[in-house]
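Here is how the chains run, residue by residue.
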Amino acid sequence: MKNENTEKVKPNFGKRTAQAKADTENVCDADATCIESKVGMTIAVGIQDRDEHFTILDLKMHHQECEGGFIEIHEKDGYHFRCKRCDVSRVIAGSDANKEGMIDAALKGAKYKTLSTNLDIVLFMQTND
């Protein structure tokens, strides 16, 4: 027997545009122009062996804010990152500086931050695994 007074709750699967509790960071470009913005996405980059040949699209990346959701990466007019778990997505320029920053995160463990097209910061850091 169904209870007629039961409230129906509909889950919200809407696309998220920013991270809750986002930190503020500074990011500077090659012209030393700096901007202070919120971190929109933190991406943990898997460790790469220096002897292996790889591209940015080969890197294993996970979304830190949703506790490790797998990141899909696509390259077209820049790099597109989308978390398969929470659907947060960001786009960054396909510049040489961004390629080098992501590779340094994978090889050396260097943190790299860059501005997304949403005018917030995407932070890359090596995973602890």
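See the structure printed just above.
### A short note on the packing of aromatic side chains
Okay, so step 1: Evaluation of the coordinates by the stated rule reveals 2 aromatic pairs.
Okay, so step 2: Their ring planes at 65 degrees and their centres at 5.5 Å tell us that phenylalanine 81 and phenylalanine 124 sit as a pair that is edge-to-face. Highlighted residues: phenylalanine 81 in strand β5 (residues 79–83) and phenylalanine 124 in strand β8 (residues 121–126), separated in sequence by 43 residues.
Okay, so step 3: Three or more aromatic residues link up through ring pairs in this structure, and these residues are Phe81, Tyr112 and Phe124.

### Considering unusual backbone geometry
With the exception of glycine, most residues fall at negative phi, and the peptide bonds are largely trans.
Okay, so step 1: Non-glycine residue aspartate 87 carries a positive phi angle of around 70 degrees.
Okay, so step 2: In this fold, aspartate 87 is placed in the loop between β5 and β6 (89–92).
Okay, so step 3: At leucine 119, a position not held by glycine, the phi torsion is positive, near 60 degrees.
Okay, so step 4: Relative to the helices and strands, leucine 119 resides in the loop between β7 (112–115) and β8.

### Quick word on the nonpolar core
Okay, so step 1: Core analysis: the largest hydrophobic core is formed by 22 residues, its most contacted members being Ile43, Met61, Phe81, Met102 and Phe124.
Okay, so step 2: Among the elements of the structure, β2 (34–45), β4 (69–75), β5, α1 (96–108) and β8 are those that each provide at least two residues to this core.
Okay, so step 3: Look past the residues within four positions of methionine 102 in its chain and what remains in contact with it is Val45, Ile56, Leu59, Met61, Tyr79, Phe81, Ile92, Tyr112 and Phe124.

### Regarding the state of the cysteines
Okay, so step 1: Per the counting criterion, the structure on display carries 0 disulfides.
Okay, so step 2: Looking at cysteine 83, it has no disulfide partner, and the nearest cysteine sulfur is the one in cysteine 66, 3.4 Å off.
Okay, so step 3: Classification of cysteine 83 by relative accessible area gives buried; the value is 0%.
Okay, so step 4: In this structure cysteine 86 is not part of a disulfide, and its nearest cysteine sulfur, from cysteine 83, lies 3.7 Å away.
Okay, so step 5: Taking relative accessible area as the criterion, cysteine 86 reaches 10% and is therefore assigned buried.

Thresholds applied
Residues numbered from 1 in each chain as written. Predicted model: local features only at pLDDT ≥ 70, side-chain atom pairs only at ≥ 80, totals over all residues. Heavy atoms only, no water. Phe/Tyr/Trp six-rings, centres within 6.5 Å; stacked < 30°, edge-to-face > 60°. Helix = DSSP H or I, 4+ residues; strand = E, 2+ residues; numbered from the N terminus. Core = buried A, V, L, I, M, F, W, Y, C linked by side-chain atoms within 4.5 Å. Buried < 20%, exposed > 50% of the residue type's maximum accessible area, 1.4 Å probe, protein only. Contact = heavy atoms within 4.5 Å. Disulfide = S-S within 2.5 Å.

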